[in-house]
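Chain by chain, the residues:
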Amino acid sequence: MSSQQPLVLVVNSGSSSVKFRLLPADGGPSLLAGIAESLGTSGPARLVLRKGEERHVEELPGNCHMNALRAIFSHVERNGWLHRVAAVGHRVVHGGERFSQSVRVTPEVIADIEAVSALAPLHNAANLMGIRSCSELFPTIPQVAVFDTAFHQSMPAEAYTYAIPSRFYREHGIRRYGFHGTSFRYVSERAAELLALDPKDHGVVVAHLGNGASVCAVRNGESCDTSMGLTPLEGLVMGTRAGDLDVGAAAHMARVAGLDLAGVESLLNRESGLLGLSELSSDCRTIQLAADGGDDRAALALDVFVHRLARYIGALATSLHRFDALVFTGGIGENSARVREMTLKHLGVFGFALDAQANERMAGGAFGRIDSGMGPQAWVIPTDEEGLIARDAVRLAGLDVPQRLAA
């Protein structure tokens, strides 16, 4: 890599954190990465940096997003890289129906993101803080917005429409949008490449499993159905989110617990899922260890997680015209051999059969097939959302460099 190779800064600004990666514009490993955390809280904020094998932690002088980004830029400059940053790519959670692809940030784009922020007020507000801060600190460098929802704008109306009075969609945009679109787009592209699928005639189901989890049916490279809805609460069991729930059950919980609407929303988003089931942790690794140790609640949490996952995979397969492969990705999908094994066992009716040895090898960034070759294909393919955001930033910023992000 040339010492003057352009660089792309990828920023994921959350409500209390800023994650970032500094990448060569032509792809490859990060030069610098990290997270500023505990922003906007009463406690001290800190910046955790990773440079190769080195790890550095420092306390931030102020716990706001602007100070966090100033500290990040200071480290970029200290390493002699600041003058090479040629584009900044931002993850934006919700683009509504206004954005079906990544865009270069303009005042009009910022206004449009604000206009749909009612659909994800905490996420989009934080994303906009990152965009505004970077625009102020880097006023001459192109800023690019990459939307979690954009990939799912190809869903047909029958997949995204809720069976509620139509005026709520017409007047308020209430419909299913889906999330994890950047991950699904990257992984489905890699799957088509690795499996040598016909770009115009293939179908895969991708399961992005982590603290947030969703499944997507991808037909000929486009999303045709997904498990998340208006918000990331719908669908699978997640770390702290309940996923699908009878609204009547939610109403009854409100009555018996004396909760208002905000209280129910908080309960289902922050106290449910694996945490609520296990009463132990939202971390799948902790729950697996507890289940191995005989904890019945932890074992049930895993069983419910996998049951819901397998049921969604089977349901989403019906949105495809053919089912070439199931792909696991995300922190759990890439690293939990146990969850993958349990899931394929549930999916035996489709002909899936596990190669146990191959499955055990898939962890820590490895990719490959985990099926026995006797039925449909099952793969593990690590995601690279930051890499895809960087690729879009390079393209939209007009940087003339060859890409090797998928290598």
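Just above sits the structure.
All values reported here derive from a predicted model rather than from experimental measurement. (Residues numbered from 1 in each chain as written. Predicted model: local features only at pLDDT ≥ 70, side-chain atom pairs only at ≥ 80, totals over all residues. Heavy atoms only, no water.)

> So, the pairing of strand β5 (residues 54–59): which residues are in play, and what are the values?
Little of β5 sits out of view: just zero of its six residues are buried. Here strand β4 (residues 46–51) pairs with β5 via six bridges, running antiparallel. Paired with Leu 47 across the strands is Glu 58, a residue of β5. Joining the antiparallel neighbours β4 and β5 is a turn of two residues, in which Gly 52 adopts a positive phi near 65°. (Buried < 20%, exposed > 50% of the residue type's maximum accessible area, 1.4 Å probe, protein only. Helix = DSSP H or I, 4+ residues; strand = E, 2+ residues; numbered from the N terminus. Pairing = 2+ DSSP bridges.)

> Give a detailed account of the packing of aromatic side chains, specifying residues and quantitative values.
Pairs of aromatic rings are described using the distance from one ring centre to the other and the angle between the two planes. Taken as a whole and judged by the stated rule, the model has five aromatic pairs. Their ring planes at 50° and their centres at 6.1 Å tell us that Tyr 160 and Tyr 169 sit as a pair that is tilted. Overall, Tyr 160 belongs to the buried group, its relative accessible area being 15%. For Tyr 169, a relative accessible area of 29% corresponds to the partly exposed category. With a centroid separation of 5.8 Å and an interplanar angle of 70°, the aromatic rings of Phe 323 and Phe 352 are classed as edge-to-face. Placement of Phe 323 in the loop between α11 (296–317) and β12 (325–329) and of Phe 352 in the loop between α13 (337–346) and α14 (356–361) is noted, with a sequence separation of 29 residues between them. For Phe 323, a relative accessible area of 23% gives the class partly exposed. (Phe/Tyr/Trp six-rings, centres within 6.5 Å; stacked < 30°, edge-to-face > 60°.)

> Tell me about the sheet that holds strand β11 (residues 222–226), residues and numbers included.
By way of backbone hydrogen bonds, the strands of a sheet pair with one another, either parallel or antiparallel. Strand order in the open sheet formed by six strands is β11-β10-β9-β12-β14-β13, and the pairing between neighbours is mixed. What marks the edges here is a single partner per strand, and that holds for β11 and β13 (368–369). By the bridge criterion, seven bridges tie strand β9 (residues 203–209) to strand β10 (residues 213–219) in an arrangement that is antiparallel. In the sheet register, Leu 209 faces β10, and the bridge partner there is Ala 213. Docked against the sheet, α13 engages β9, β12 and β14 (377–380), running at close to 155° with respect to β12. (Contact = heavy atoms within 4.5 Å. Axes fitted to C-alpha atoms, helices over the stretch in contact; angles between N-to-C directions.)

> Give a description of the packing of α11 against α13 that names residues and reports values.
A pair of packed helices can be characterised by two numbers: the angle between their axes and the separation between those axes. Where α11 contacts α13, the two axes come as close as 9 Å, and the packing angle between them is 50°. Compared by their axis directions, α11 and α13 come out oblique. Our pair here, α11 against α13, has a crossing hand that is right-handed. Note on element contacts: α13 touches α11 through Arg 338, Val 339, Met 342, Thr 343 and His 346, opposite Leu 302, Asp 303, Phe 305, Val 306, His 307, Leu 309, Ala 310 and Ile 313. Its residues assigned to classes, the contact of α11 with α13 shows eight nonpolar, three polar and two charged. (Parallel < 35°, antiparallel > 145°, perpendicular 65-115°, else oblique. Left-handed = near helix turned anticlockwise from the far one by under 90°. Nonpolar A, V, L, I, M, F, W, Y, C, P; charged D, E, K, R; others polar.)

> A description of helix α6 (residues 181–194) should follow, citing residues and the corresponding values.
With 14 residues, α6 extends 20 Å between its outermost C-alpha atoms, agreeing within 8% with the 20 Å of an ideal straight helix rising 1.5 Å per residue. Within α6, ten of the 14 residues are buried, leaving the element largely enclosed by the surrounding structure. Every buried residue belonging to α6 is among Gly 181, Thr 182, Ser 183, Phe 184, Tyr 186, Val 187, Ser 188, Arg 190, Ala 191 and Ala 192, and all of these are buried. Among the structural elements, β8 (143–147), β9, β10, β11, β12 and α15 (385–396) are those in contact with the buried residues of α6. Looking at the residues trailing α6, positive phi occurs at Ala 196, about 55°. (Expected span 1.5 Å × (residues − 1).)

> Go over the environment of Leu 344, please, and point to the residues and values.
If you trace the backbone, Leu 344 turns up in helix α13. On the accessibility criterion, Leu 344 (2% relative accessible area) is buried. Sequence separation of Leu 344 and Leu 326 is 18 residues, and the distance between their C-alpha atoms is 9.5 Å. Leaving out residues up to four positions away in the same chain, Leu 344 has contacts with Leu 326, Phe 328, Phe 352, Leu 354, Ile 370 and Ala 378.

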